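This is what each chain is made of:
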Amino acid sequence: MLLWGAGRGVPPRAFCIPRHKGETEARPGRGHTHIHDGSPVLLTPATQAGVPPCPPSRGASRPPWAALDPQPGPGAAGANPTPRRFQKMPPSLPATINIREPRWDQSTFQGRAKHFFMVTDPRNLLLSGATLEEARRVVEDYRAGRIPPGLTEDQLWKAKYIYDSAFHPDTGEKMLLVGRMSAQVPMNMTITGCMLTFYRTTPAVLFWQWVNQSFNAVVNYTNRSGDAPITPSQLGTAYVSATTGAVVTALGLKSLTKHLPAIIGRYVPFAAVAAANCINIPLMRQRELKLGIPVTDENGNRLGESTAAAQKAIFQVVVSRIGMAAPAMAIPPVIMNVLEKRAFLKRYPYLNAPLQVGLVGFCLVFATPLCCALFPQKSSMPVSRLEPEVQARIREKDPQLETVYFNKGL
């Protein structure tokens, strides 16, 4: 399309704007314009002069050179933009980032909390299989020294946490969906909410305690160690023992609280869960209590195995698990006890369970990562508190060593 304009003392000028199919395109020195449907339109010699050449129209796409000439920003009028082929590429990501360790400083509570908020993020459950495989490819390529061009550090860490949320750290196999750490909040909020809602009858207590311990067994199996896997007999023993302990505790306390205020009865499920954790975790890790767990120096050099370190590790995990359940099973009963006396819930009793589940979920979103962060994953203890024979072996290797480290587990 030609736009003509003439001012006083200013020679006529022609402007060419490329258009889509069916519109004109001016060509200098040819005496006509090309119509995209193939029919020419003649221009007079007077109108040919000064008509600038137009780039060939390619539908709605930009001209071929447009990719090389970025648009100037504000105030850049008259600047000579540098073609993209001459622009400096972003620096390549270094191959020295240790993605086998968490991103944040694990010696501080804040760093551990940030790490576990990422690990337990329920949104990871919604990721597609293609996204998980892409994260696996990025992580494995980086570990092998193959760095995709344009990969940023934030993208690398995001891929690392997506990978960790779905694949076993030792075997590399994709984990069961309900056994992943990202499933802890949605699964526990449903089970715990129902335990707190349906606690009045014996069949309901039996059923929901059984569901809870079945879920715990799936989590323990899914997150089993690749170096010292849980045997079927160990898994079965821990499952039966924890379920029995939880049911006996729940039914025993339920019978004792019949004549006490209703609010006391609401805490029976919490007591049952705490008792089950005290039984389940030591049984699942009985091999460590018998043979010990590896202890290392600050640089990760293995010094031996210690049962004293195993006892401390299991104690820390039990405290974390009970602390994880405490807010979700202690706060909602107080709120629900007040709400049930209001006319609203008396009029709509079917809202009891959804409200309970929602309150539990809100508590678990914060309690789960914060309680996982109570103790460092790489815990420590003085050499003087180890078994005498382990102390003697360590003194032979390094007489000056005062502290050893170990992985406490989850």
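Keep in mind that this is a model prediction, so the values were computed, not measured.

Undergrad: Looking at this model, I keep getting lost on the overall build of the protein. Mind explaining?
TA: When its secondary structure is counted, the protein shows 14 helices and nine strands. In the protein, buried positions account for 37% of the 410 residues. Excluding contacts between residues fewer than 6 apart, the proportion of contacts in the protein whose partners are at least 24 apart in sequence is 65%. In the structure as shown, the protein presents an accessible area of about 23,100 Å², 61% of it carried by carbon and sulfur atoms.

Undergrad: Hey, could you run me through the nonpolar core in this one?
TA: The tendency in soluble globular proteins is for nonpolar side chains to be buried as a group. Ranked by size, the top nonpolar core spans 25 residues in total, and within it Leu 93, Ile 97, Ile 99, Tyr 142 and Leu 156 carry the most contacts. Every element with two or more residues in this core is listed here: helix 2 (109–119), helix 3 (129–143), helix 4 (153–166) and helix 13 (352–372). In terms of residue count, the dominant contributor to this core is helix 4 (seven residues). Residue contacts for Tyr 142: discarding those within four places in its chain leaves Leu 93, Pro 94, Ala 95, Thr 96, Ile 97, Ile 99, Ile 147 and Leu 156. Listed in part, the 16 residues of the second largest apolar core include Leu 196, Ala 325, Ala 328 and Cys 363.

Undergrad: Help me understand a nonpolar patch on the surface, please; the structure alone is not making it clear to me.
TA: Taken together, the side chains of Phe 109, Phe 117, Phe 315, Val 319, Phe 362, Val 365, Phe 366, Leu 370 and Leu 374 make up a nonpolar region of the molecular surface, amounting to roughly 800 Å² of accessible area. When residues of the nonpolar patch are traced back to their parent elements, those giving at least two are helix 2, helix 11 (307–339) and helix 13. At four residues, the largest contribution of residues to the nonpolar patch is made by helix 13. Within the secondary structure layout, Phe 109 lies in helix 2. Phe 109 sits in the partly exposed class, given a relative accessible area of 39%.

Reading the values: the criteria
- Residues numbered from 1 in each chain as written.
- Predicted model: local features only at pLDDT ≥ 70, side-chain atom pairs only at ≥ 80, totals over all residues.
- Heavy atoms only, no water.
- Helix = DSSP H or I, 4+ residues; strand = E, 2+ residues; numbered from the N terminus.
- Buried < 20%, exposed > 50% of the residue type's maximum accessible area, 1.4 Å probe, protein only.
- Contact = heavy atoms within 4.5 Å.
- Areas by Shrake-Rupley, 256 points an atom, 1.4 Å probe, with all protein chains shown as cover.
- Core = buried A, V, L, I, M, F, W, Y, C linked by side-chain atoms within 4.5 Å.
- Patch = residues over 30% accessible without salt bridge, like charges linked within 9 Å, V, L, I, M, F, W, Y side chains within 5 Å.
- Salt bridge = Lys/Arg side-chain N within 4 Å of Asp/Glu carboxyl O.

That is the geometry; function is a separate question.
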